[in-house]
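Survey of secondary and tertiary structure
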Amino acid sequence: MTMAAAIDAVRAAFIGLTAGEFELPPRQAFSDSRSLVMTAHHLPTASTAVKVVSIEIERDPVITGTVVYSDPDGQFVTDAVPLTTLRTGAVVGVATELLADEDASHLALLGAGAQAADQVRAVHAVRPLKKLVVFNRNARKAEALLESLKDELPDTVLDVALDAEEAVSGADVVCCATASTKPLFSCDALKERVHVNAIGSYRPVMRELPEELLTTAEVVVVDQVEAALSEAGEIIRAVRSGVLRLESLVELGAALGNPPLRQGRTVFKSVGVAVQDWAVARLLA
């Protein structure tokens, strides 16, 4: 499946979510979010996707699991790992196309783990890249990632940064894909016009973004407000402290129907919702 096809499918799913086409129970988390169960049911097609995953940060691979897609015609089962990286990349592609400047071409990627390659592919699909800079605490992983992508990005300058702030300085788009529990960079390190995606943190104790970015951004878009308030550490902290108004958060489906202006800094924070899994599983089925 191409990334472009996945982006189209995920975009349509979020528009459908806003239109009331899905039954979407809250994600079930067990053992401090080390085991997750996600379900989405699409009313118009009577189809359902269920994903069960195990997450162990110190394990390689970090994520293991299975996705089951069923509809009136039958059932389809697939590995959750490639589907999760693809659908997570796809939602970043949707958000980047919506929120990044049309001439954005310089991506900074923080993190070189399992999600990283599809983050790059998704941004490149909607904003062709002239430059890609990667920072990872283990520089060898960053170098290996760039080596694996060089044939896909023959016209892109590829570089490894010494630290996160060096990586994001000058970037038009930033993607954060780490398990960090503290902000990866300061707000001052960013350009005045930049779009930032954050997909790594999925527990209340995790944070990738500085609070100042959330409070000063032109718009903060989340995949789903309920999910963000339950799992996105940076959003939870900012709302509870009163520096970020709950009503200022915009859900992705609503933003697609009423695109915000591309001014200043924009943020997309995703913890992942099951309509993404449903969208990609349906295409695979």
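Everything discussed here concerns the structure shown above.
To keep things clear, this report deals only with the structure shown in the data block. Within each chain, residue numbers correspond to sequence positions counted from 1 in written order. Local features in this predicted model are restricted to residues of pLDDT 70 or higher, and side-chain atom pairs are both shown and tallied only at a pLDDT of 80 or more, whereas totals for entire chains, interfaces and linings draw on every residue. Excluding hydrogens and water, the side-chain figures rest on all heavy atoms present in the structure.

Our focus in this paragraph is the overall build of the chain. On a plain count of helices and strands, the chain comes out with 10 helices and 14 strands. Relative to the 2.2 N^0.38 estimate, which gives 19 Å for 285 residues, the radius of gyration of the chain is 18 Å and therefore close to what a compact globule would have. Dimensions along the principal axes, computed over C-alpha positions, put the chain at roughly 50 × 45 × 35 Å. Residue exposure (1.4 Å probe, protein chains only): buried if accessible area is under 20% of the type maximum, exposed if over 50%, otherwise partly exposed. For the chain, the residues scored as buried account for 53% of the 285 residues in total. Any two residues having at least one pair of non-hydrogen atoms within 4.5 Å are treated as being in contact. Considering only contacts in the chain between residues 6 or more positions apart, those separated by 24 or more positions represent 68%. For the chain, the exposed surface amounts to about 12,400 Å²; the carbon and sulfur share of it is 50%. Numbered from the N terminus, helices here are DSSP runs of H or I no shorter than four residues, and strands are runs of E no shorter than two. Restricting the calculation to C-alpha atoms gives the radius of gyration, and the globule rule supplies 2.2 Å times the number of residues raised to the power 0.38. Using a 1.4 Å probe, the Shrake-Rupley method yields the accessible areas, and only the shown protein chains count as cover for residues.

Patch building starts from residues that exceed 30% relative accessible area and form no salt bridge, then joins like charges within 9 Å and nonpolar side chains (Val, Leu, Ile, Met, Phe, Trp, Tyr) within 5 Å. What makes a salt bridge here is a side-chain nitrogen of Lys or Arg within 4 Å of a carboxyl oxygen of Asp or Glu, nothing more. A contiguous nonpolar patch, built from Met-1, Leu-283 and Leu-284 and spanning about 260 Å² of accessible area, is present on the exposed surface. Mapped onto the fold, Met-1 is located in the segment before helix H1 (3-18).

Working definition: a ring pair exists when centres of Phe, Tyr or Trp rings (six-membered ring for Trp) sit within 6.5 Å. Plane angles under 30 degrees give stacked, over 60 give edge-to-face, the rest tilted. Evaluation of the coordinates by the stated rule reveals one aromatic pair. Look at Phe-22 and Trp-278: their rings are 4.9 Å apart centre to centre, the planes differ by 85°, and that puts the pair in the edge-to-face class. You can see Phe-22 sitting in strand E1 (residues 22-23) and its partner Trp-278 sitting in helix H10 (residues 274-284), a full 256 residues away along the chain. Looking at Phe-22, the relative accessible area reads 10%, which means it is buried. Judged by its relative accessible area of 5%, Trp-278 falls in the buried class.

Turning our eyes to something else, we now look at helix H2 (residues 80-99). What a helix is expected to span follows from its residue count: subtract one and scale by 1.5 Å. With 20 residues, H2 extends 28 Å from end C-alpha to end C-alpha; this agrees with the ideal 28 Å at 1.5 Å per step. Any pair of nitrogen or oxygen atoms within 3.5 Å is treated as a polar contact; in protein, a donor-acceptor pairing is required on top of that, and neighbouring residues in sequence qualify only through side-chain atoms on both sides. A side-chain oxygen of the first residue of H2 lies 3.0 Å from the backbone nitrogen of Val-81; this N-cap is Asp-79.

Turning to unusual backbone geometry, a few remarks are in order. A cis amide bond, omega 5°, links Asp-60 with the succeeding residue Pro-61. Its location among the elements puts Pro-61 in the loop between strand E4 (47-55) and strand E5 (63-71). One non-glycine residue, Asp-32, lies in the positive phi region at around 55°. On the secondary structure map, Asp-32 appears in the loop between strand E2 (28-30) and strand E3 (35-42). Note on Asp-32: relative accessible area 55%, which makes it exposed. Of note in this structure, Ala-46 is not a glycine but carries a positive phi near 50°. Of note, Ala-46 is situated in the loop between E3 and E4.

When you tally the buried positions in strand E11 (residues 194-198), you get five out of five residues, the bulk of the element. By the alternation rule, side chains of E11 split into Val-194, Val-196 and Ala-198 and His-195 and Asn-197, which are all buried. Pairing between two strands is assigned when DSSP locates at least 2 bridges connecting them. Alignment of strand E10 (residues 173-176) against E11, held across four bridges, turns out to be parallel. Within E11, the residue paired with Cys-176 across the bridge is Ala-198. As paired elements, E11 and strand E14 (residues 265-269) share five bridges and run parallel to each other. Across the sheet, the residue bridging to Asn-197 is Phe-268, located in E14.

For the rest of this paragraph, the subject is the pattern of salt bridges. Across all of its chains, the model carries 16 salt bridges by this definition. Two residues, Asp-277 and Arg-87, come together in a salt bridge whose shortest N-O distance is 2.9 Å. Here Asp-277, found in helix H10, pairs with Arg-87, found in helix H2; they are 190 residues apart in sequence, far enough to count as distant. Taking the shortest distance from any N to any O, the salt bridge between Asp-172 and Lys-191 comes out at 2.7 Å.

This paragraph deals with the nonpolar core. Think of a nonpolar core as a cluster: buried Ala, Val, Leu, Ile, Met, Phe, Trp, Tyr and Cys residues, connected wherever their side-chain atoms sit within 4.5 Å. Ranked by size, the top nonpolar core spans 101 residues in total, and within it Val-174 and Phe-185 carry the most contacts. Broken down by element, the residue count for this core peaks at 10 residues, all from H2. Aside from chain neighbours lying at most four places away, what touches Val-174 is Leu-107, Ala-108, Val-168, Phe-185, Leu-190, Val-194, His-195, Val-196 and Asn-197.

What follows is about empty space enclosed by the protein. Put simply, the grid is 1 Å and covers the protein atoms alone, a cavity is a trapped set of points that fit a 1.4 Å probe, a pocket is an open set with protein on both sides within 12 Å along at least five of seven lines, and lining residues have an atom within 4 Å of a point. Grid points are joined across faces, edges and corners, and a volume is the space filled by probe spheres set on the points. The full count for this structure, using the stated rule, is one cavity of 30 Å³ or more. Of the voids in this model, the largest cavity is the one considered here, and its volume is about 40 Å³. Along the walls of the largest cavity sit Pro-61, Val-62, Ile-63, Val-81, Thr-85, Ala-114 and Gln-115, which together make up its complete lining. Looking at side-chain class alone, the lining of the largest cavity contains five nonpolar, two polar and no charged residues. Ten residues, namely Ala, Val, Leu, Ile, Met, Phe, Trp, Tyr, Cys and Pro, are considered nonpolar, four, namely Asp, Glu, Lys and Arg, are considered charged, and the remaining ones, Gly among them, are considered polar.

Bringing the environment of Leu-229 into the picture now. Within the fold, Leu-229 resides in helix H7 (residues 225-231). Through-space distance from the C-alpha of Leu-229 to that of Asp-103 is 32 Å; in sequence the pair is 126 residues apart. Setting aside chain neighbours within four positions, we find Leu-229 in contact with Ile-235, Ile-236, Val-239 and Leu-246.

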